[in-house]
Amino acid sequence: MTPTVSIIIPIYKTEATLARCIDSALAQTFSNIEIVLVDDGSPDNAGKIADEYAAKHSNIVVVHKENAGLAEARRTGIHAASGEFFVPLDSDDTIPANAVQLMYDHCVADDLDMCYGAYMRVVGERRTLEPHNFVGVVTGEEFLERNLTLGFLCGSHNCMCRTSTWTEDVYPPADRRFPSEDVLINVKLSKNLRRVGIFNDYVYDYYFYENSLSVGGAFFTLSLWQDFFEEVRCFLKKEKCESEKLERLIKIMEIDRLSFYIKTYDKTHPWYRKVMAYDSSQFPKKTRVMHALLRYPSLLKRCIKMNRWRKNLFT
């Protein structure tokens, strides 16, 4: 019987957490699933662990490939998937037993191409549910706008997606590196989506590590962020969906990324000069403050650090 849902798990240097991850996929209450394990040239024993699981479970497929990064591993997994829908799962994370059932039920009930739930942020023994600030069903165009809005928590996990919507032009160019690949993929994916559901059902456990890529954004360079925003604008131009509203959202995001995700400032860099030349007088107050403080990087970093300390103290 053809599986209805494929769970796609890219694998790289996660031998310590892979069994926990696969076990959570195998424990799903939704029965008609396959699990696609993509060994992205992992140098540890993760590939071997994947093969051992496949030998014991007929619904597990393993693909071994040369290392090419997460986006390419996900592309390989989607090509290998047989399910009408797929669920992305990072190999150092887990999903609760009813996750696939909850998301599939939403997809069927609301005729969705994509469905998001809430995720549990796990830091050591501390578990915090991260709900969405918006719940409902949106069109692809509305999904595009929300992905360019700060605070929108729809990335590459805690979701289910119709496999056929992931056409080749959705993925970032294989020979280039981008920060915020999740946002970039969702921006491009939006053109293929009719209806996207966003709900606060708990469907994912995201294990947060201090040395993970997701917290390493400060090491992305000015040039990489410049490339990211050029790629977003090129997509909007190609799809003829440019607008003043979307350009305003992009500019606000540029100020945010320059403020929070850059470790070393080169004030002669063309992207820095471009962002600093924006008229931010009609932007939200936080954005205006960050824009002004960007002229004084040391003061900006101290203010950000103090603000984070205050939040941690009272949460």
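First, a word on scope: everything that follows refers to the structure included in this document. (Residues numbered from 1 in each chain as written. Predicted model: local features only at pLDDT ≥ 70, side-chain atom pairs only at ≥ 80, totals over all residues. Heavy atoms only, no water.)

## Side note on the packing of helix α8 (residues 244–260) against helix α10 (residues 285–293)
Okay, so step 1: Taken N-terminus to C-terminus, the directions of α8 and α10 make an angle of 50°; their axes are 9 Å apart at the nearest point. Relative to α10, the element α8 is oriented oblique. Where α8 crosses over α10, the two elements pack in a sense that is left-handed. Only K286, T287, M290 and H291 of α10 make contact with α8, whose side of the interface consists of I252, I255, S259 and F260. (Axes fitted to C-alpha atoms, helices over the stretch in contact; angles between N-to-C directions. Helix = DSSP H or I, 4+ residues; strand = E, 2+ residues; numbered from the N terminus. Parallel < 35°, antiparallel > 145°, perpendicular 65-115°, else oblique. Left-handed = near helix turned anticlockwise from the far one by under 90°. Contact = heavy atoms within 4.5 Å.)

## Comments concerning the pattern of salt bridges
Okay, so step 1: The full count for this structure, using the stated rule, is 15 salt bridges.
Okay, so step 2: Across the pair R233 and E247 runs a salt bridge whose closest N-O atoms are separated by 2.8 Å. Of this pair, R233 sits in helix α7 (residues 222–238) while E247 sits in helix α8, and the two are 14 residues apart along the sequence.
Okay, so step 3: The exposure class assigned to R233 is buried, which follows from its relative accessible area of 17%. (Salt bridge = Lys/Arg side-chain N within 4 Å of Asp/Glu carboxyl O. Buried < 20%, exposed > 50% of the residue type's maximum accessible area, 1.4 Å probe, protein only.)

## Details of the pairing of strand β9 (residues 195–207)
Okay, so step 1: For strand β5 (residues 114–123) and β9, the ladder comprises 8 bridges, and the chain directions are parallel. For Y119, the partnering residue across the bridge sits in β9 and is Y204. (Pairing = 2+ DSSP bridges.)

## Some remarks on the packing of helix α5 (residues 140–147) against α8
The packing of two helices is summarised by the inter-axis angle and the distance between the axes.
Okay, so step 1: At a minimum axis separation of 9 Å, α5 and α8 run at an interaxial angle of 30°. By the angle between their axes, α5 is roughly parallel relative to α8. In this structure, α5 contributes L144, E145 and N147 to the contact, and α8 contributes K245, L246, L249 and M253.
Okay, so step 2: Residue classes in the contact of α5 with α8 are distributed as 4 nonpolar, 1 polar and 2 charged. (Nonpolar A, V, L, I, M, F, W, Y, C, P; charged D, E, K, R; others polar.)

## Section: unusual backbone geometry
Okay, so step 1: Phi is positive for S180, which is not a glycine, with a value near 50°.
Okay, so step 2: Tracing the backbone through its elements, the reader meets S180 in the loop between β8 (159–162) and α6 (181–189).
Okay, so step 3: Judged by relative accessible area, which is 23%, S180 ranks as partly exposed.

## Notes on the side chain of S190
Okay, so step 1: Tracing the backbone shows S190 in the loop between α6 and β9.
Okay, so step 2: From its side chain, S190 meets the backbone oxygen of V187 in a polar contact 2.6 Å long. (Polar contact = N/O pair within 3.5 Å; in protein donor to acceptor, adjacent residues only side chain to side chain.)

## Considerations on the environment of D93
Okay, so step 1: Inspection of the secondary structure puts D93 in the loop between β4 (85–88) and α4 (99–109).
Okay, so step 2: Here D93 falls in the buried class, since its relative accessible area comes to 0%.
Okay, so step 3: Side-chain polar atoms of D93 contact the side chain of Y204, separated by 2.9 Å.
Okay, so step 4: Here the side chain of D93 touches Y207 through a polar contact of 2.9 Å, landing on its backbone nitrogen.

## Side note on the packing of aromatic side chains
Okay, so step 1: In this structure the tally under the stated criterion is 14 aromatic pairs.
Okay, so step 2: Arranged with centres 6.1 Å apart and planes meeting at 75°, the rings of F143 and F152 form a pair that is edge-to-face.
Okay, so step 3: Assessed through its relative accessible area of 0%, F143 is described here as buried.
Okay, so step 4: In this structure F152 comes out as buried when scored by relative accessible area, which is 16%.
Okay, so step 5: Taking the centre distance of 6.2 Å and the plane angle of 75° together, the rings of Y265 and Y272 count as edge-to-face. Across the pair, exposure class does not vary: Y265 and Y272 are buried alike.
Okay, so step 6: A connected cluster of aromatic rings, assembled from ring pairs, spans W225, F228, F229, Y261 and W271. (Phe/Tyr/Trp six-rings, centres within 6.5 Å; stacked < 30°, edge-to-face > 60°.)

## Some thoughts on α5
Okay, so step 1: Those residues of α5 not exposed but buried are G140, F143, L144 and N147. Looking straight down α5, one finds that the buried residues subtend no more than 105° of arc, so they occupy a single side.
Okay, so step 2: Its buried side turned inward, α5 meets β5, β7 (136–139), α6, β9, α7 and α8. (Arc of directions from axis to C-beta.)

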